Amino acid sequence: MEHFDLYRCLPDDWLGIDERAIIQKLKKPTIFHCSGHDQSRCVVVSCLLRGNEPSGFVAIVEELKRNARGVARYRHDVIFLVGNVEAAKAAPSLFEQPFIEGQLDLKRCWKDGVDISDEWNSFIKDKYPIASLDFRNTSGTCHPFAVWTKDDEPTKRLANVLAGTHLFMPDSLGSFVSFNARYAPSIAVNCGKRGVGQSEEHARMTMQRFFLSTQIVRGNPERYFFRKVYTNLRPISVQDGVPFFFGASPVPGTLIIRKDIDRLNFMDALPGDVIGWAPKNYLVHKKGQLPTDDFFEVIDGQIKLKQKVVLAIANPNEKVAKADALFYIVDEMV
């Protein structure tokens, strides 16, 4: 394969080293194809499509070791994909950089006609996937949630096993989740803040739920009793050319976004809640740089909400906020 390295299982001499040493041995996107009793079907488990989202990688390495030692016995094949290993190793500290400038962003490149996508399609289409699970992280504080792009019953049933909070994103073109949805139910699970043990434990638990729900291993998974589904994501950003910072108090003449903005993720934000401080409202709908006066107003230098909203994927990281969005406003799906 041109764009992937392929292993049948974890090499024996890797069993005694941890995930930080294993990532150093990987050279490019890597597939581990573990055989099950019935090889006519498979499931896909992916991680590190961005190099700074490592929780799923930790869980996958542990699972690969279990499989290599004969502890894990699968009813069908399991195909593990480790994505942007170059970015994961690029910064002075591992798992810090999402992607390398000038190279493909593996979180957004999955479309027909893109070389790596076409090669993945050729590899996976005749293996008849049962389902696909992708692991993600956030840089800010956020409880775990699932993302799915196809509104059908098999996808929703699987999602309800994997998470209690959901984002339905029908226009998420270019994502690995959307690409794999052409074959079978495809879900991404965001495990929470990267580099936190709780997020890694959530990835382990989610993988086992996924294996149970797809009958890769025998048993019945519990479903989440509480379920909230949000959709209609509207990215909110800062007007082009306006500098901003995250902080805990106002700075005269400067746009400051409250540094704990991520604490509002998936919570009801109420009229009058303070989002930050500025001389005027510089927040815009990212698509088209349209004004957001329907949601925000500036009173005595405070940026306040005008109506009740739910925020999602808020992130107090200037680099991420500039590249993507400050946060999203979402609607609950009825």
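Below is a summary of the structure that appears in this document.

About the thresholds
- Residues numbered from 1 in each chain as written.
- Predicted model: local features only at pLDDT ≥ 70, side-chain atom pairs only at ≥ 80, totals over all residues.
- Heavy atoms only, no water.
- Helix = DSSP H or I, 4+ residues; strand = E, 2+ residues; numbered from the N terminus.
- Expected span 1.5 Å × (residues − 1).
- Buried < 20%, exposed > 50% of the residue type's maximum accessible area, 1.4 Å probe, protein only.
- Pairing = 2+ DSSP bridges.
- Axes fitted to C-alpha atoms, helices over the stretch in contact; angles between N-to-C directions.
- Parallel < 35°, antiparallel > 145°, perpendicular 65-115°, else oblique.
- Left-handed = near helix turned anticlockwise from the far one by under 90°.
- Contact = heavy atoms within 4.5 Å.
- Nonpolar A, V, L, I, M, F, W, Y, C, P; charged D, E, K, R; others polar.
- Phe/Tyr/Trp six-rings, centres within 6.5 Å; stacked < 30°, edge-to-face > 60°.
- Lys NZ or Arg CZ within 6 Å of the ring centre and 35° of its normal.
- Disulfide = S-S within 2.5 Å.
- Core = buried A, V, L, I, M, F, W, Y, C linked by side-chain atoms within 4.5 Å.

## Topic: helix 2 (residues 55-68)
Its 14 residues give helix 2 an end-to-end C-alpha distance of 20 Å, which sits within 8% of 20 Å, the value for a rise of 1.5 Å per residue. By the criterion of burial, helix 2 is predominantly enclosed, with 11 of the 14 residues buried. Among the residues of helix 2, those classed as buried are Ser55, Gly56, Phe57, Val58, Ala59, Ile60, Val61, Glu63, Leu64, Lys65 and Asn67. Among the residues trailing helix 2, Gly70 stands out with phi positive, at a value near 85 degrees.

## What about the sheet that holds strand 13 (residues 274-277)?
As summarised here, the arrangement of the 5 strands in space is 10-11-13-17-16, forming an open sheet in which the pairing is mixed. Only two strands of the sheet have a single neighbouring strand rather than two, namely strand 10 (244-247) and strand 16 (296-299). Direction aside, neighbouring strands of the sheet carry axes that sit 30 degrees apart on average. Examined bridge by bridge, strand 13 and strand 17 (residues 302-305) share 3 bridges and lie antiparallel to one another. Bridge pairing links Val274 to Lys304 in strand 17.

## So, the packing of helix 2 against helix 7 (residues 197-213)
Axis separation between helix 2 and helix 7 bottoms out at 8 Å; the angle between their running directions is 55 degrees. With respect to helix 7, the element helix 2 is oriented oblique. As helix 2 packs across helix 7, the resulting crossing turns out to be right-handed. Residue-level contacts link Ser55, Gly56, Val58, Ala59, Ile60, Glu62, Glu63 and Arg66 of helix 2 to Ser199, Glu200, Ala203, Arg204, Met207, Gln208 and Phe211 of helix 7. Of the residues that constitute the contact of helix 2 with helix 7, the class distribution is 6 nonpolar, 4 polar and 5 charged.

## What to know about the environment of His37
By secondary structure assignment, the location of His37 is in the loop between strand 2 (30-34) and strand 3 (38-47). What makes His37 exposed here is its relative accessible area of 76%. The spacing of His37 and Ile79 is 42 residues in sequence and 14 Å in space, taken between C-alpha atoms. Beyond its immediate chain neighbours, meaning those up to four positions away, His37 contacts Tyr74, Arg75 and His76.

## What about unusual backbone geometry?
The residue Leu48 is not glycine, and still its phi comes out positive at about 55 degrees. Mapped onto the elements, Leu48 comes out in the loop between strand 3 and helix 2.

## Here we look at the packing of aromatic side chains
One pass over the structure, following the stated rule, counts 17 aromatic pairs. Here Trp110 and Phe179 contribute two aromatic rings whose centre-to-centre distance is 6.3 Å and whose plane-to-plane angle is 50 degrees, an arrangement assigned as tilted. Note that Trp110 is positioned in the loop between helix 3 (85-90) and helix 4 (115-124) and Phe179 in helix 6 (residues 176-180), a separation of 69 residues in sequence. For the pair shown, Trp110 and Phe179 are each scored as buried. Seen in terms of ring centroids, Trp148 and Phe168 are 5.0 Å apart; in terms of plane orientation they differ by 35 degrees. Their pairing is tilted. Linking Trp148 in strand 6 (residues 145-148) with Phe168 in strand 7 (residues 165-168), this pair joins segments that are 20 residues apart in sequence. A relative accessible area of 10% places Phe168 in the buried class. Looking at Lys322, its charged tip hangs above the ring of Phe244, at a distance of 5.7 Å from the centre.

## A short note on the state of the cysteines
Within this structure, the stated rule accounts for 0 disulfides. We note that Cys191 lacks a disulfide partner, and the nearest cysteine sulfur, in Cys47, lies 10 Å from it.

## Things to note about the nonpolar core
Note on soluble globular proteins: their nonpolar side chains tend to be buried together. The biggest cluster of nonpolar side chains holds 47 residues, and the ones touching the most others in it are Ile23, Phe57, Phe80 and Phe211. Tallying contributions element by element places helix 2 first for this core, with 5 residues. Ile236, Ile257, Leu305 and Ile329 belong to the second-largest nonpolar core, a separate cluster that totals 25 residues.

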